[in-house]
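# Close look at the chain arrangement
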Amino acid sequence: VHLGRHDNVLEFHIDKMKFTCPEFHSIKTFVSWTMPISLDDPLQHTNLAVGETANYNHSTLYKINMNYMTLQSLKDDLITVCVYILLDSGHPFKIGECQVSLGEILQHPRNTLHNVLHVRCSLDDADDHHTIPPFIMKNINQESIGTLNYWFRLQRPTEEIIAKHLHRIGLLETGPIKEENQIPFK
């Protein structure tokens, strides 16, 4: 992959999902999301995993050009991550979702950012709810169906450009910082 002067590689890694219901020991699941800064193929998904702890271990790489529009997008955009089960018919059915903030990448542009989010129950709007496993319907009112572990890594960051932008919009107390690991925020 050829990277220009302001190009960066953003790695988004879905590690695993820990479900709260023991019935997930034999259910096939996967995770899907749309990356707002990707123009080629924004819809992404993991492979199938089975178990109360579904180990997806899935990374997706995005080549991004660090410019004003990308910085605004990173600051403002959220990724809605959806969790699906695979029904006996072979059709996917959404059972939960959570939102990942891209803004956290700007706070630590050189580090790998690990995070865990609670996934709230959110079912597809389908007419055939009779095909959903009964334990899903029984637990439909739960606030959380489990936790999702993920991480970001911004490779080859152009920290000076990020610092100049953050200074321009008032998030930095001082001018561009050339320190190796930090950009101080107000």
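Residues numbered from 1 in each chain as written. Predicted model: local features only at pLDDT ≥ 70, side-chain atom pairs only at ≥ 80, totals over all residues. Heavy atoms only, no water.

### A short note on the nonpolar core
- If you look at the biggest cluster of nonpolar residues, it comprises 47 residues, and the most contacted ones within it are Phe12, Ile95 and Phe152.
- Per-element tally for this core: the top contributor is strand 1 (residues 7-19), with five residues.
- When neighbours within four sequence positions are excluded, Ile95 is seen to be in contact with Phe19, Phe24, Val83, Tyr84, Ile85, Arg120, Cys121, Ser122, Leu123, Ile136 and Ile145. (Core = buried A, V, L, I, M, F, W, Y, C linked by side-chain atoms within 4.5 Å. Buried < 20%, exposed > 50% of the residue type's maximum accessible area, 1.4 Å probe, protein only. Helix = DSSP H or I, 4+ residues; strand = E, 2+ residues; numbered from the N terminus. Contact = heavy atoms within 4.5 Å.)

### Regarding the pattern of salt bridges
- According to the stated counting rule, one finds four salt bridges in the structure shown.
- A salt bridge links Glu11 to Arg153, with the shortest nitrogen-to-oxygen separation between them at 2.8 Å. Highlighted residues: Glu11 in strand 1 and Arg153 in strand 9 (residues 146-155), separated in sequence by 142 residues.
- Salt-bridge contacts for Glu97 lead to Arg120; the nearest nitrogen and oxygen are separated by 2.6 Å. Taken as a pair, Glu97 in strand 7 (residues 92-101) and Arg120 in strand 8 (residues 112-121) lie far apart in primary sequence, 23 residues in all.
- Taken together, the shared-partner salt bridges connect Lys94, Glu97 and Arg120 into one network. (Salt bridge = Lys/Arg side-chain N within 4 Å of Asp/Glu carboxyl O.)

### Some words on unusual backbone geometry
- Although it is not a glycine, Asn57 sits at a positive phi angle of roughly 45°.
- As for its placement among the helices and strands, Asn57 is situated in strand 5 (residues 53-65).

### Regarding the environment of Lys94
- For Lys94, the position within the fold is in strand 7.
- Residues Lys94 and Phe30, 64 residues apart in the sequence, show an inter-C-alpha distance of 9.5 Å.
- Setting aside chain neighbours within four positions, we find Lys94 in contact with Cys82, Val83, Tyr84, Ser122, Leu123 and Asp124.
- A polar contact of 3.0 Å, which involves the side chain of Lys94, links it to the side chain of Glu97. (Polar contact = N/O pair within 3.5 Å; in protein donor to acceptor, adjacent residues only side chain to side chain.)

### Here we look at the side chain of Ser122
- Structurally, Ser122 can be placed in the loop between strand 8 and helix 3 (134-138).
- Judged by its relative accessible area of 16%, Ser122 falls in the buried class.
- Sequence-distant contacts of Ser122, defined by excluding residues within four places in its chain, comprise Lys94, Ile95, Gly96 and Glu97.

### Details of the side chain of Glu11
- The buried category is assigned to Glu11, whose relative accessible area is 9%.
- Within the structure, Glu11 has its side chain in polar contact with the side chain of Ser59 (distance 3.0 Å).
- The contact partners of Glu11, leaving out residues within four places of it in the chain, are Ser59, Thr60, Leu61, Trp151, Phe152, Arg153 and Gln155.

### Here we look at the confidence of the model for the protein chain
- When pLDDT is averaged across the protein chain, the result is 79; 75% of the residues are at 70 or more.
- Note that pLDDT drops below 50 for residues 175-186; the model gives that stretch 31 contacts with residues more than four away or on any other chain. (pLDDT = per-residue confidence, 0-100.)

### Details of the packing of aromatic side chains
- One pass over the structure, following the stated rule, counts six aromatic pairs.
- Judged by centre distance (3.9 Å) and plane angle (10°), the ring pair of Phe19 and Phe24 falls under stacked. For the pair Phe19 and Phe24, one class covers both residues: buried.
- Ring geometry for Phe30 against Tyr84: centres 5.0 Å apart, planes inclined by 10°, an arrangement best described as stacked. Taken together, the residues span a long stretch of sequence, with Phe30 in strand 2 (residues 28-34) and Tyr84 in strand 6 (residues 78-86) at a distance of 54 residues. Across the pair, Tyr84 and Phe30 agree in class, each one buried. (Phe/Tyr/Trp six-rings, centres within 6.5 Å; stacked < 30°, edge-to-face > 60°.)

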